Amino acid sequence: MSMYLPIAEMATNPFVIVFFGALVGAMSGMFGVGGGFLMAPILFFLGIPPSVAVSTEATQICAASVSGSLAHFRRGNLDIKMGVLLTGGGLLGSTVGVFVFRWLVSTGSVDLVIQIFYVLFLGGVGGMMLVESLQAILRRRAGKAVSLRRRHGFMHGLPFRTKFPRSKLYISALLPITVGVGVGFLSAIMGVGGGFIMVPAMIYLLGMPTLVVVGTSLFTIIFVTANNTLQHAWFNGTVDLVLAGLLLLGGVIGAQIGVRLSGRFNAEQLRVLLAIIVLAVCIKILMDLLVGGPAVQFSFGQGGGGHA
Amino acid sequence: MPDRPLRHFRWSRRLLALSPLPLALLTLLMLLAFAAAPRAQGPDVAAVESQVSVGLFSGKIIVRTFGSTASPDVPVRLELIGPPREVVFTQSVRRFGVKVNEPIDAAPQTIPAIRAELSSTERPMRPAEGPLEEAMIRDGALLLLPGAIKLEPTGLFFAEIPLPASAPPGRYSILIFHDHTGTAGAADAEPVVLAAETFEIRQRGFVALVSHGAKDYAFLYGLLCVLVALSAGWFTERVFRNRR
């Protein structure tokens, strides 16, 4: 059986799409990341044109973030004030990112830059997470209390200090806005929601309690991906509603599986798992960079990428 | 040699199985064509359907063509050319120690989105012309199908052109001609055209609605997509909550 995707202008096996949608949905249920960094390579692999893949997956990430952050909101694990500041910065950053992306396209080096960004950030974030969570597990085994060290740095001297009661923080409002700008910028260039960068940034840079981080990060991703979806559909015409429907169906199924699975692991074990997946994707992209594909390739349409 | 190539084409596209109705129609048309033409000379005829539509559950696209030639000893060839598309060819080059896909030409070229060449002989067809065509064959944008045309000793021929599901909508042209390759003095002989026709692949139903909606009402379509995503997320959370 096959199903025709009107915007991608191709037929595909709907069960395969639903399956991978469920896989990524399960991941986002377990880890609180959108899963865009995984979904993009999977869709490329299935032969979906890159521009359509990147734009359409934004709808799935958006949906996953809505359900995730609603669930966290109900449990009181959402810092709306922090989320709004992050979102404001995020929209600013992604606008800048779109311009930089277009400039990179015009210089012809966009593919290389994207791949290097992926390797650096996936490698860095994955490695940091792996080390940190393994240490936490060891400390727990040794019977010591797990606590995050809070350093007093230059960032605590910044103006516009505000109270964030949910996060139990009293920091400058410029900090979350800056983090938002950075995440929004990277999300526009890399074509992802940015959860895998935002989560560590909130924990290690802002010092937010882990409990609040996932819900707040998902809350921000709703707006970033909704904006991405609208912009892609409006200006590029690359959002495929049929593909989105299949991914959403998979996501609904997967999110259920994800939450059930997440009950079987503790927070540190989940972080080790996520770190391993992130590192695996990083190694795959690094291998592609070093080994390369067929000598000559071609692509229809706007050429590679088409993000933002 | 064909004195008057008739142009009664009828193309048909169906999901994998042969569907009886268009085939019966084709046969009827063929019979009519034969009846109308002077039998002694044996006319060059082919039958085609002018439009093919793609729906939500369409799979592989198979275009069928029937025909008859006055000189059954000469192999028949068919060339299908798809609608033009912009294409960017890239090659893998080493830069700063890593492999990078770089465009071969900065400006995109315009080439047919899909091309197919069929022949009635089992003899392998021409080799790929350079790395660009090799890449196209690998990705299914260029099909070389020797022996795909069934040519009977009576001069009747039949061919199925299997287009990939990714064949884009648009106007396709088809050229059927005598293949004199390998015969004496054929090197500079012009190919004798049996038939030249076009057909169209169109989107229908929901597929057409979505693809036109996305073009003509881009902003509203975008809002719809966001709305679908938001409500799907909300729905998921509801299902979650009730399950607990």
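If you're wondering where the values come from, they're calculated on a predicted model, not measured in any experiment.

What follows concerns the overall build of chain B. Across its full length, chain B carries four helices and 13 strands. Across chain B, the fraction of contacts at a sequence separation of at least 24, relative to all contacts at a separation of at least 6, is 74%.

The next subject is the overall build of chain A. Helix and strand content of chain A: ten helices and five strands. In chain A, which comprises 308 residues, the proportion classed as buried is 54%. Excluding contacts between residues fewer than 6 apart, the proportion of contacts in chain A whose partners are at least 24 apart in sequence is 81%.

Let's shift gears to the interface of chain A and chain B. Interfaces are often sized by the amount of accessible area the parts lose when they come together. In this assembly, 50 residues from chain A lie in contact with 57 residues from chain B. Listed by contribution, the elements that provide at least two residues to the side of chain A that touches chain B are strand S1 (3-5), strand S2 (10-12), helix H3 (50-74), helix H5 (110-141), helix H8 (210-236), helix H9 (241-262), helix H10 (267-291) and strand S5 (296-300) of chain A. Here the side of chain A that touches chain B gets nine residues from one element, more than from any other, and that element is H3(A). Its residues assigned to classes, the side of chain A that touches chain B shows 33 nonpolar, 15 polar and two charged.

Here we come to the pairing of strand S3 (residues 61-68) of chain B. Residue and element names in this part refer to chain B. Burial analysis of S3 places seven of its eight residues in the buried class, which makes it a mostly covered element. Strand direction decides the pairing type here: S3 and strand S11 (residues 156-163), joined by eight bridges, are antiparallel. Following the sheet pairing, Ser 68 is matched in S11 by Leu 156.

Attention now goes to the confidence of the model for chain B. Residues and elements named next belong to chain B. Per-residue confidence for chain B averages 75 on the pLDDT scale, and 70% of its residues sit at or above 70. Ignoring residues within four places in sequence, the model shows residues 1-19, a span with pLDDT below 50, making 52 contacts including any to other chains. Ignoring residues within four places in sequence, the model shows residues 36-41, a span with pLDDT below 50, making four contacts including any to other chains. ipTM for the predicted complex: 0.79, alongside a pTM of 0.73.

Moving on: the environment of B:Leu143. All names here are of chain B. Note that Leu 143 resides in strand S9 (residues 142-145). Judged by C-beta crowding, with 19 C-beta atoms within 10 Å, Leu 143 ranks as partly exposed. Once the C-alpha coordinates of Leu 143 and Pro 164 are considered, the two residues, 21 residues apart in sequence, prove to be 9.6 Å apart.

What follows is about H3(A). Given 3.6 residues per turn, any residue in an α-helix points the same way as the ones three and four places further on. Spanning 25 residues, H3(A) covers 36 Å between terminal C-alpha atoms, matching the ideal 36 Å at 1.5 Å per step. Immediately beyond the C-terminal end of H3(A), within one or two residues, lies A:Gly76, with a positive phi of roughly 75°.

Our focus in this paragraph is the pairing of strand S8 (residues 115-119) of chain B. All names here are of chain B. Pairing of strand S4 (residues 76-81) with S8 involves five bridges; the strand directions are antiparallel. What sits directly across from Ile 81, in S8, is Arg 115. Direction of pairing for S8 relative to S9: parallel, over a ladder of four bridges. Across the sheet, Ala 116 pairs through a bridge with Leu 143, a residue of S9. Between the parallel elements S8 and S9, the chain passes through helix H2 (residues 130-138) in a crossover that is right-handed.

Glancing now at the packing of helix H7 (residues 195-206) of chain A against H8(A). Two quantities define a packed helix pair, namely the angle between the helix axes and the distance between the axes. All names here are of chain A. At their nearest, the axes of H7 and H8 sit 9 Å apart, and the two run at 140° to each other. Classified by the angle between their axes, H7 and H8 sit oblique to one another. In the crossing of H7 with H8, the sense of the turn from one axis to the other is right-handed. Contacts between H7 and H8 involve Gly 195, Met 198, Val 199, Met 202 and Ile 203 on the former and, on the latter, Thr 210, Val 213, Val 214, Thr 216, Ser 217, Thr 220 and Ile 221. Classifying every residue of the contact of H7 with H8 by side-chain character gives seven nonpolar, five polar and no charged.

Residues and elements named next belong to chain A. Even without glycine at this site, Glu 9 takes up a positive phi of about 55°. Counting through the fold element by element, Glu 9 comes out in the loop between S1 and S2. Exposure remark for Glu 9: the 25 C-beta atoms within 10 Å place this residue in the buried category.

The next point concerns the confidence of the model for chain A. Residues and elements named next belong to chain A. Averaged over all residues, the pLDDT of chain A is 79; the fraction at 70 or higher stands at 86%. For chain A, the element scoring lowest by mean pLDDT is S5, at 68; S1 scores highest, at 87. Confidence drops under pLDDT 50 across residues 302-308; counting only partners more than four residues distant or on other chains, this segment forms 27 contacts.

Another point: the packing of helix H2 (residues 36-45) of chain A against H3(A). All names here are of chain A. Two elements in contact, H2 and H3, have axes whose closest approach is 9 Å; the angle formed by their N-to-C orientations is 140°. The angle between H2 and H3 falls in the class oblique. When the axes of H2 and H3 are compared, the crossing they make is right-handed. Contacts from Gly 36, Met 39, Ala 40, Leu 43 and Phe 44 of H2 reach H3 at Pro 50, Ala 53, Val 54, Glu 57, Gln 60 and Ile 61. Counted by class, the contact of H2 with H3 contains eight nonpolar, two polar and one charged residues.

Residues and elements named next belong to chain A. Assignment of secondary structure puts Gln 269 in helix H10. Given 14 C-beta atoms within a 10 Å radius, Gln 269 is considered partly exposed. Each C-alpha atom, one on Gln 269 and one on Arg 75, is 22 Å from the other, the two residues being 194 residues apart in sequence.

Examined against the element boundaries, A:Tyr4 turns out to sit in strand S1. When the C-alpha positions of A:Tyr4 and A:Val242 are compared, they lie 8.0 Å apart, and in sequence the two are 238 residues distant. The contact partners of A:Tyr4, leaving out residues within four places of it in the chain, are A:Ala11, B:Val54, B:Gly55, B:Leu56, B:Ser58 and B:Val207.

What counts as what
In this numbering scheme, every chain counts its residues from 1 along its sequence in written order. Both sets of labels track the order of writing: A upward for chains, 1 upward for ligands. Thresholds applied to this predicted model are a pLDDT of at least 70 for local features of residues and 80 or more for the giving and counting of side-chain atom pairs; totals over whole chains, interfaces and linings are not thresholded and use all residues. Numbering of helices and strands runs from the N terminus, with a helix taken as a DSSP run of H or I at least four residues long and a strand as a DSSP run of E at least two residues long. Any pair of residues counts as being in contact when their C-beta atoms, constructed from backbone geometry, are within 7 Å of one another. Counting other C-beta atoms within 10 Å of each residue's C-beta, where C-beta atoms are placed from the backbone, gives the exposure class: buried for 20 or more, exposed for 12 or fewer, partly exposed between. Residues are grouped as follows: Ala, Val, Leu, Ile, Met, Phe, Trp, Tyr, Cys and Pro are nonpolar; Asp, Glu, Lys and Arg are charged; all remaining types, including Gly, are polar. Here, a strand pair is defined by DSSP locating no fewer than two bridges between the strands. The pLDDT score gives, residue by residue, the confidence of the prediction method on a 0 to 100 scale. Multiplying 1.5 Å by the residue count of a helix minus one yields the expected span of that helix. Note on handedness: a crossover is taken as right-handed if, strands pointing away from the viewer, the path from the first strand over the helix to the second is clockwise. A fitted line through C-alpha atoms serves as each axis, taken over the contacting stretch for helices, and the angle formed by two N-to-C directions is quoted from 0 to 180°. Throughout, the term roughly parallel applies to angles under 35 degrees, roughly antiparallel to angles over 145, roughly perpendicular to angles from 65 to 115, and oblique to all others. A crossing counts as left-handed when the near helix is turned anticlockwise from the far one by less than a right angle, and as right-handed when that turn is clockwise.

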